[in-house]
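# A look at the structure
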Amino acid sequence: MEYTSTRDNNLSVSAAYAIKTGLAPDGGLFVPKSFPRVFGEELLELAQLPYAERAVKILEKFLTDFSEAELSDCAYSAYNKEKFETDEIAPLYKLTNGVYFLELWHGPTCAFKDMALQILPHFLKKSVVKTGETKEVVILVATSGDTGKAALEGFKDVNGTRIIVFYPEKGVSDIQKRQMITQEGNNVDVAAVNGNFDDAQSGVKKIFGDKEYAQILERNNFMLSSANSINWGRLVPQIVYYFSAYCNLLKCEEIQLGEPVNFVVPTGNFGNILAAYYAKEMGLPIGKLICASNENNVLTDFIRTGVYDKNRPFKTTGSPSMDILISSNLERLLYHVTGCDDAQVADWMKKLAETGRYEVSEAVKAKIQELFYGGFCDDDATEKTIAETNREHGYVMDTHTAVAKCVYDQYCEETGDTTKSVIVSTASPFKFSNRVLEAIAGQEALEGLDEFKMLEALAEKADLTIPTPLAGLKSKAVIFSATCEKTEMYEVVSHMLNLL
Ligand SMILES: *Cc1c(COP(=O)(O)O)cnc(C)c1O
């Protein structure tokens with residue numbers, strides 16, 4: 001399987017090259033040149049396999065320059081009982097007849113980013129070797145919370161890699177900060193930046209773009225790479241869990257082979273739902289793809305009107321991992337639904353960069369509406385949904401998942417569609433325990449509680465066990481207490497790598 005760029009069809013590279021470099025040289029994203037097909041019988045076979053084996057079967061269709069043994073090594077290193085709290089890795093929870101939650105948060109950081117970031121380091125390490133590179137890979141991350149911790153857990157102790165994470169001193173929650181500063185591993189470094197997320201991100205971007213510094217790194221046998229969500233190596237493992245969910249439904253005889261299933265996805269950067277689109281194009285029987293947003297509803301408007309317009313106030317919401325106005329992975333969808341029109345995609349992306357807005361043709365809009373439904377809800381509706389679902393079914397969701405449930409309810413009301421549906425659950429409720437606790441027990445329940453006490457209160461109210469990675473945080477030693485100025489980020493990197 002060869003990969004090309006969304007902005008230049010002449011480009012042709014291997015999967016290993018796409019994973020190693022992350023972004024195409026023209027600024028476009030790497031996309032597969034075709035969609036491998038999966039047929040009914042194969043689904044029945046997949047259904048009999050454990051998660052890691054299912055992963056190998058799907059991954060080998062895309063990563064054709066990797067051997068089966070290599071993919072098996074990657075999949076078993078990522079998806080095992082040591083890293084995930086359940087053997088199933090991505091279990092389904094049945095809410096009612098025909099409505100299910102796909103829980104993607106049983107990994108080491110309790111959010112769905114583990115599904116990709118547990119395996120990416122293994123892809124990357126092998127990709128570097130395959131492309132003839134001998135240098136050690138250094139991952140630099142600027143994080144507003146979830147990604148940094150998931151990347152740290154994924155890369156820790158992976159030979160041939162180092163990871164350095166910068167987070168804004170005042171821009172992350174207490175739990176998120178605690179998760180990062182207690183990080184263990186012999187190849188990790190974490191530093192707070194005195195500033196906001198933009199300061200941390202622009203600092204990292206500056207280091208990435210610095211040619212002189214790249215030479216210094218090269219002399220010391222290091223190369224920089226990124227673990228952000230546009231890397232093909234993060235997208236491809238996400239396709240797996242859509243197949244896995246369908247297989248689980250088959251296995252429990254909730255559906256018959258060939259029966260369509262809708263997927264509802266709480267969306268930010270459009271990576272997760274794009275993976276569902278890929279699964280559909282590969283032949284998985286998927287009905288509607290329901291794209292759920294919070295009040296940063298730029299995608300809802302786009303799906304409904306064909307106009308993408310990020311010129312609107314940025315809202316800080318109770319589902320912060322979806323507070324995004326530029327959904328980078330949408331570029332890949334545009335490329336596919338225009339029949340690989342690289343010039344058209346490049347033009348839209350230029351308009352987006354220059355004016356913050358572009359508009360697709362009626363034909364493209366119609367194609368997108370055939371595949372997707374878009375909806376959104378605000379924080380009040382999100383909290384109501386958490387409370388209602390808990391009251392009626394005894395199931396407790398985090399805020400991101402609740403946005404999806406709320407939009408799913410709107411969808412059913414509006415369309416009357418009764419197709420069986422899977423709501424993708426992207427974080428443990430404990431990760432956002434203040435909001436969840438407030439929703440199910442009222443604001444009084446929060447009084448006088450710190451972040452750790454809130455975990456305990458939520459466990460008691462919801463009759464759930466605190467996930468081990470979060471329960472253990474309080475007693476973990478702080479390893480990284482340093483705060484640097486924006487201007488000192490280079491020194492942090494040089495110091496960690498012992499640069500000469
Ligand atoms: C990152 C994230 C999302 C958004 O996923 P995208 O792939 O960016 O659309 C949703 N929920 C949670 C909890 C996340 O961490």
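Look up: the structure comes first, before these words.
In what follows, the accompanying structure is described. Per chain, residues are indexed from 1 in the order of the written sequence. Local features in this predicted model are restricted to residues of pLDDT 70 or higher, and side-chain atom pairs are both shown and tallied only at a pLDDT of 80 or more, whereas totals for entire chains, interfaces and linings draw on every residue. The side-chain values count all of the structure's non-hydrogen atoms but skip hydrogen atoms and water molecules.

### Things to note about the sheet that holds strand β7 (residues 161-168)
Put simply, the rule reads: Note on pairing: two strands pair once DSSP finds at least 2 bridges between them. Secondary structure counts use DSSP, requiring at least four H or I residues in a row for a helix and at least two E residues in a row for a strand, with both numbered from the N terminus. Contacts are assigned to residue pairs with any non-hydrogen atoms lying within 4.5 Å of each other. Only the contacting stretch of a helix is used when fitting its axis, a line to C-alpha atoms as for every element, and angles between N-to-C directions run 0 to 180 degrees.
Pairing within the open sheet is parallel, and its 5 strands lie in the order β9-β6-β7-β8-β16. Among the strands making up the open sheet, the edge pair consists of β9 (222-225) and β16 (483-484). Summarising the sheet, strand β6 (residues 136-142) and β9 pair through 4 bridges and their orientation is parallel. Following the sheet pairing, Glu 136 is matched in β9 by Phe 222. Where helix α9 (residues 197-209) meets the sheet, its contacts fall on β6, β7, β8 (188-193) and β9, and the angle it forms with β6 comes to roughly 155 degrees.

### Remarks on the site of the ligand
As a reminder of what qualifies: Consider each residue's heavy atoms; a residue with any of them within 4 Å of a molecule or strand counts as near. We call two N or O atoms a polar contact when they sit within 3.5 Å, provided that within protein one can donate a hydrogen and the other can accept it, with sequence-adjacent residues counted only if both atoms are side-chain atoms. Under this grouping Gly is polar, as are all residues other than the nonpolar Ala, Val, Leu, Ile, Met, Phe, Trp, Tyr, Cys and Pro and the charged Asp, Glu, Lys and Arg.
Lining the immediate environment of the ligand, one finds 15 residues, of which Lys 113, Gly 268, Asn 269, Asn 272 and Thr 426 sit closest. Interatomic distance of 2.7 Å between a backbone N/O atom of Asn 269 and an oxygen atom of the ligand. Considering only residue class, the shell around the ligand consists of 5 nonpolar, 8 polar and 2 charged.

### Considering the pairing of strand β15 (residues 421-425)
Rules: Throughout this description, buried means an accessible area under 20% of the type-specific maximum (1.4 Å probe, protein chains only), exposed means over 50%, and partly exposed covers the range between.
Where burial is concerned, most of β15 is hidden: 5 out of the 5 residues are buried. Both faces of β15 are covered, namely the face carrying Ser 421, Ile 423 and Ser 425 and the face carrying Val 422 and Val 424. Pairing of strand β5 (residues 99-103) with β15 involves 5 bridges; the strand directions are parallel. For Glu 103, the partnering residue across the bridge sits in β15 and is Ser 425. Relative to β15, strand β10 (residues 261-266) runs parallel, the two sharing 3 bridges. Bridge pairing in β15 places Phe 263 opposite Val 422.

### As for the packing of helix α19 (residues 433-441) against helix α20 (residues 451-462)
If you want to describe how two helices pack, look at the angle between their axes and the distance between the axes. Threshold: The sense of a crossing depends on the near helix, which, turned anticlockwise from the far helix by less than a right angle, makes the crossing left-handed and, turned clockwise, makes it right-handed.
Contact geometry for α19 and α20: axes closest at 10 Å, N-to-C directions at 40 degrees. The two elements α19 and α20 cross, and the hand of that crossing is left-handed. Of the residues in α20, those in contact with Ser 433, Asn 434, Val 436, Leu 437, Ile 440 and Ala 441 of α19 are Met 454, Leu 455, Ala 457, Leu 458, Lys 461 and Ala 462. Counted by class, the contact of α19 with α20 contains 9 nonpolar, 2 polar and 1 charged residues.

### Examining the environment of Gln 48
Considering the arrangement of structural elements, one finds Gln 48 in the loop between α2 (40-47) and α3 (51-62). In this structure, the C-alpha to C-alpha distance between Gln 48 and Arg 162, residues 114 residues apart in sequence, is 37 Å.

### Things to note about the packing of aromatic side chains
Formally: Here a Phe, Tyr or Trp ring, Trp counted by its six-membered ring, pairs with any other such ring whose centre lies within 6.5 Å, and the pair is stacked when the planes are under 30 degrees apart, edge-to-face when over 60, and tilted otherwise. Here, over-ring charges are defined by two tests on the NZ atom of lysine or the CZ atom of arginine: distance to the ring centre within 6 Å, and angle to the ring normal within 35 degrees.
One pass over the structure, following the stated rule, counts 22 aromatic pairs. The interplanar angle of 90 degrees and the centroid separation of 6.3 Å between the aromatic rings of Phe 35 and Tyr 277 together place this pair among those described as edge-to-face. Placement of the pair is Phe 35 in the loop between β3 (30-32) and α2 and Tyr 277 in helix α12 (residues 271-281), with a sequence separation of 242 residues. A residue is classified by how much of its surface remains accessible, and Phe 35, at 22% relative accessible area, is partly exposed. A residue is classified by how much of its surface remains accessible, and Tyr 277, at 2% relative accessible area, is buried. Measuring from ring centre to ring centre gives 5.1 Å for Tyr 241 and Tyr 242, while their planes differ by 45 degrees; the resulting arrangement is tilted. Of the residues examined, Tyr 242 reaches a relative accessible area of 0% and is grouped as buried. These aromatic residues form a ring-pair network of at least three members: Tyr 3, Phe 35, Phe 62, Trp 232, Phe 270, Tyr 277, Tyr 278 and Phe 372. One residue, Lys 130, lies across the ring of Phe 66, its end atom 4.9 Å from the ring centre. Over the ring of Tyr 373 we find Arg 304; its NZ or CZ atom is 5.9 Å from the centre of that ring.

### Remarks on helix α22 (residues 489-497)
The condition is simple: Starting at the helix axis, one direction is taken to each C-beta atom, and the arc is that of these directions.
By the burial criterion, the buried members of α22 are Met 489, Val 492, Val 493, Met 496 and Leu 497. Taken around the axis of α22, the buried residues stretch over an arc of 115 degrees, which confines them to a single face. Positive backbone phi, at 55 degrees, marks Asn 498, one or two positions downstream of α22.

### Let's talk about the sheet that holds β3
As summarised here, the arrangement of the 3 strands in space is β2-β1-β3, forming an open sheet in which the pairing is antiparallel. This sheet does not close on itself; its edge strands, each paired only once, are β2 (8-13) and β3. Between one strand and the next, the sheet's axes are offset by a mean angle of 40 degrees, whatever the strand orientation. By the bridge criterion, 3 bridges tie strand β1 (residues 3-5) to β3 in an arrangement that is antiparallel. Along β3, the bridge assignment pairs Thr 4 with Val 31. Contacting β1, β2 and β3, helix α14 (residues 330-337) crosses the sheet at an angle of about 45 degrees to β3.

### Considering the pattern of salt bridges
Convention followed: We count a salt bridge whenever a side-chain nitrogen from Lys or Arg sits within 4 Å of a carboxyl oxygen from Asp or Glu.
Going through the model one piece at a time under the given rule, you end up with 22 salt bridges. We note a salt bridge from Arg 162 to Glu 136, for which the minimum N-O separation is 2.8 Å. Of the two residues, Arg 162 is situated in strand β7 and Glu 136 in strand β6; the sequence distance between them amounts to 26 residues. Among the charged side chains, a salt-bridge network with shared partners connects Lys 20, Glu 133 and Lys 135.

### What to know about the side chain of Glu 133
As for its position among the elements, Glu 133 is in the loop between α6 (120-130) and β6. What makes Glu 133 buried here is its relative accessible area of 18%. Here Lys 135 takes part through its side chain, which lies 2.7 Å from a polar atom of the side chain of Glu 133. Setting aside anything within four residues of it in sequence, one finds Glu 133 in contact with Lys 20, Val 128 and Met 223.

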